[in-house]
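Next come the chains, spelled out residue by residue.
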Amino acid sequence: MTWPSSSPVRIAVVGSGPAGVFACDALLTWADKNSHEIVVDLFDTLPVPFGLLRHGVAPDHPRIKGIADNLWEIGQDPRIRFLGNVHFGTDITLEDLRRHHHAVIFATGALADRTMGIPGEDLTGSYGAAEFVTWYDGHPDVDPEWDLSARRAAVVGVGNVALDIARMLVRTAEQLEATDIPEHVRTGFGDTAARTVSVIGRRGPAWAKFTTLELREMDKVDGVTVVVEPAELDDDEVSRRHRESDRRAGQIYAVLKKWATAQTEAGHADADAAEAAALAAGEKVVRFRFNRAPVEILGSGGAGGPDAGGPDSGGPDSGGPDAADHVTGLRLERTEPDGSGLRMTGETEVLPVDAVYSAVGYRSAALEGIPFDDSTATIPNRAGRVLDGPDGEPIPGLFTAGWIKRGPSGVIGTNRSCATESVNELLSDLEAGLLPDPESPDPQSVRELLDSRGIKVIDGIAWAAIDARERELGESAGRERTKLPGRDEMLDVGLGADSSR
């Protein structure tokens, strides 16, 4: 594209989560400053925008509302056209996008689970974090049923997602009444039976990935006692140096130390005693277990017995399903620091549990026709420029942002700087006249193409109708919003807003 040009620059952004919306904002902010016209087609597989913010953040986080309001305000810019319920690779292809746009930004995120790679992950009662998160967040394509009958659960991982899962497992339906979850999720939490939830970390607390704010929230759930084994708090030289050099690690340690000290001052000899006392008092327990690596998920007959341990180990009547292929325990191996990382000690224990949730990371999915590095589950890129392979050459007009660019790291706000970096690379090519010219830049031609393929497109008008209906449902129940339960319901409401579609 020759620069400058009086014609609008047309950009396609695939993925309307935070990274995609922040990319739109960066593009339009630049356009305002440079008095140039940029218009954006914002595509999403789902009928509704905001991706991770809507379907990946625990609903009991009211502070997220401020970010949602920010994304909503950006999305109202008339230069952004939302095109939802459009599947990239089938409904619309890379060739289609390049025919109609000067550049494409892929910001499709990551919502598949990484596996632990241990035996037993296929047992009933073994779940990936994304499976549970998308259920309680009301993802429209997720099975509405979820088994919350497990009395004892383990969450493997020491990041914010692990904390979200542990906290949600001990929530009650009443505590979630004010949130925006769909009614089938609200009903599901009425059946929650969890009494103890163990959060498992391979290394000590100095290396946990929690944010301090998220960790502190765990102690604010009514009816829940947080338990920490004082002996498991890091005291080796490497961990001490790390805490001293990393402010967040020091804060995490201070919070855990405070909880452990409170247990000791209450007269509990160790974490087992503190857990037993809390359960006896009718409290639920979230217990942190550090320096343990999961090595096997056990099925019927593989857990329990004299070495199972734990104050709530129980027996045949201790709760949880007893099908032969159902989770009954998690075998853990003790670890210890070796100066630069950790080493396995060979000492194992069995934690009796009825469910295991793996929160060891998300993974992006490959996109049709786009280079993909399977080892990192990201699109090969250099500062957001899509490369034709790892360490390859840039592909003109193709860019990426968010988790599919850098991997599932950082917090929601991290996506703003990530998207801005990618957009700056795009704008550099724009100013240098290096963006390829589309064959058919007429914006109506995109809608005509989708209509010709029978795609039920949810545009801004249809999304506004969905949003209004969800607010209406929420208002009738005394909350701000109640999410619609499925894709069909969303399409019915959205497309009903305009009988011509």
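In what follows, the structure referred to is the one given above.
Before going into details, it helps to say that this report is about the structure given with it. In this text the structure is predicted, and so the values were computed from the model without any measurement.

## A closer look at the pairing of strand E9 (residues 224–228)
Summarising burial for E9: four of the five residues are buried, a large majority. In terms of strand pairing, E9 meets strand E10 (residues 284–289) through five bridges, oriented parallel. When the sheet's bridge partners are listed, threonine 225 is paired in E10 with valine 285.

## So, the packing of aromatic side chains
Tallied over the entire structure, the rule returns 16 aromatic pairs. Ring plane angle 65° and centroid distance 5.8 Å describe the contact between tryptophan 72 and tryptophan 463, whose orientation is recorded as edge-to-face. In this pair, tryptophan 72 sits in helix H3 (residues 64–75) while tryptophan 463 sits in helix H15 (residues 460–476), placing the two residues 391 residues apart along the sequence. For tryptophan 72, a relative accessible area of 26% translates into the label partly exposed. Tryptophan 463 gets classed as buried once you look at its relative accessible area, which sits at 7%. Ring centres of tryptophan 135 and phenylalanine 189 lie 5.5 Å apart, and the angle between their planes is 40°; this geometry places the pair in the tilted category.

## So, unusual backbone geometry
Phi angles above zero are rare outside glycine, and serine 35 is one such case at about 50°. Turning to its location among the elements, serine 35 is positioned in the loop between helix H1 (18–34) and strand E2 (38–43). Its identity is not glycine, yet alanine 383 carries a phi of approximately 55°, on the positive side. Mapping alanine 383 onto the fold places it in the loop between strand E16 (381–382) and strand E17 (385–387).

## Some remarks on helix H13 (residues 414–431)
Across its 18 residues, H13 extends 26 Å between first and last C-alpha, which sits within 8% of the 26 Å expected from 1.5 Å per residue. Phi turns positive one or two residues past the end of H13, at glycine 433, with a value near 70°.

## Focus on the layout of surface pockets
Taken as a whole, the largest pocket encloses approximately 1,200 Å³ of empty space. Elements represented by at least two residues in the lining of the largest pocket include exactly H3, helix H6 (160–169) and helix H8 (212–217). Tallying contributions element by element places H6 first for the lining of the largest pocket, with three residues. The residue makeup of the lining of the largest pocket, split by class, is 23 nonpolar, 13 polar and seven charged.

## A closer look at the packing of H1 against H13
Look at H1 against H13: their axes get within 8 Å of each other, and the N-to-C directions meet at 45°. On the basis of the axis angle, H1 is oblique to H13. Taken as a pair, H1 and H13 cross one another with a handedness that is right-handed. Contacts from Pro18, Ala19, Phe22, Ala23, Asp25, Ala26, Leu27 and Trp30 in H1 reach Asn415, Arg416, Ala419, Thr420, Val423, Leu426, Leu427, Leu430 and Glu431 in H13. Of the residues that constitute the contact of H1 with H13, the class distribution is twelve nonpolar, two polar and three charged.

## Focus: the pattern of salt bridges
Under the counting rule described, the total for this entry stands at 39 salt bridges. With a shortest N-O distance of 2.6 Å, arginine 487 and aspartate 141 are connected by a salt bridge. With arginine 487 in helix H16 (residues 487–495) and aspartate 141 in the loop between helix H5 (129–136) and strand E7 (152–156), this pair connects stretches of sequence that are 346 residues apart. Among the residues examined, aspartate 141 registers a relative accessible area of 46% and is labelled partly exposed. Taking the shortest distance from any N to any O, the salt bridge between glutamate 470 and arginine 481 comes out at 2.8 Å. In this pair, glutamate 470 sits in helix H15 while arginine 481 sits in the loop between H15 and H16, placing the two residues eleven residues apart along the sequence. Taking the relative accessible area as the measure of exposure, glutamate 470 reaches 0% and is therefore buried. The class of arginine 481 is buried, set by a relative accessible area of 14%. Salt bridges linked by common partners bring Arg54, Asp467, Glu470, Arg471, Glu480 and Arg481 together as one network.

Cut-off values and rules
- Residues numbered from 1 in each chain as written.
- Predicted model: local features only at pLDDT ≥ 70, side-chain atom pairs only at ≥ 80, totals over all residues.
- Heavy atoms only, no water.
- Buried < 20%, exposed > 50% of the residue type's maximum accessible area, 1.4 Å probe, protein only.
- Helix = DSSP H or I, 4+ residues; strand = E, 2+ residues; numbered from the N terminus.
- Pairing = 2+ DSSP bridges.
- Phe/Tyr/Trp six-rings, centres within 6.5 Å; stacked < 30°, edge-to-face > 60°.
- Expected span 1.5 Å × (residues − 1).
- 1 Å grid on protein atoms, 1.4 Å probe; cavity = no way out; pocket = protein on both sides within 12 Å on 5 of 7 lines; lining within 4 Å.
- Points joined across faces, edges and corners; volume = space filled by probe spheres on them.
- Nonpolar A, V, L, I, M, F, W, Y, C, P; charged D, E, K, R; others polar.
- Axes fitted to C-alpha atoms, helices over the stretch in contact; angles between N-to-C directions.
- Parallel < 35°, antiparallel > 145°, perpendicular 65-115°, else oblique.
- Left-handed = near helix turned anticlockwise from the far one by under 90°.
- Contact = heavy atoms within 4.5 Å.
- Salt bridge = Lys/Arg side-chain N within 4 Å of Asp/Glu carboxyl O.

Such coordinate-based values are descriptive only and should not be taken to indicate function.
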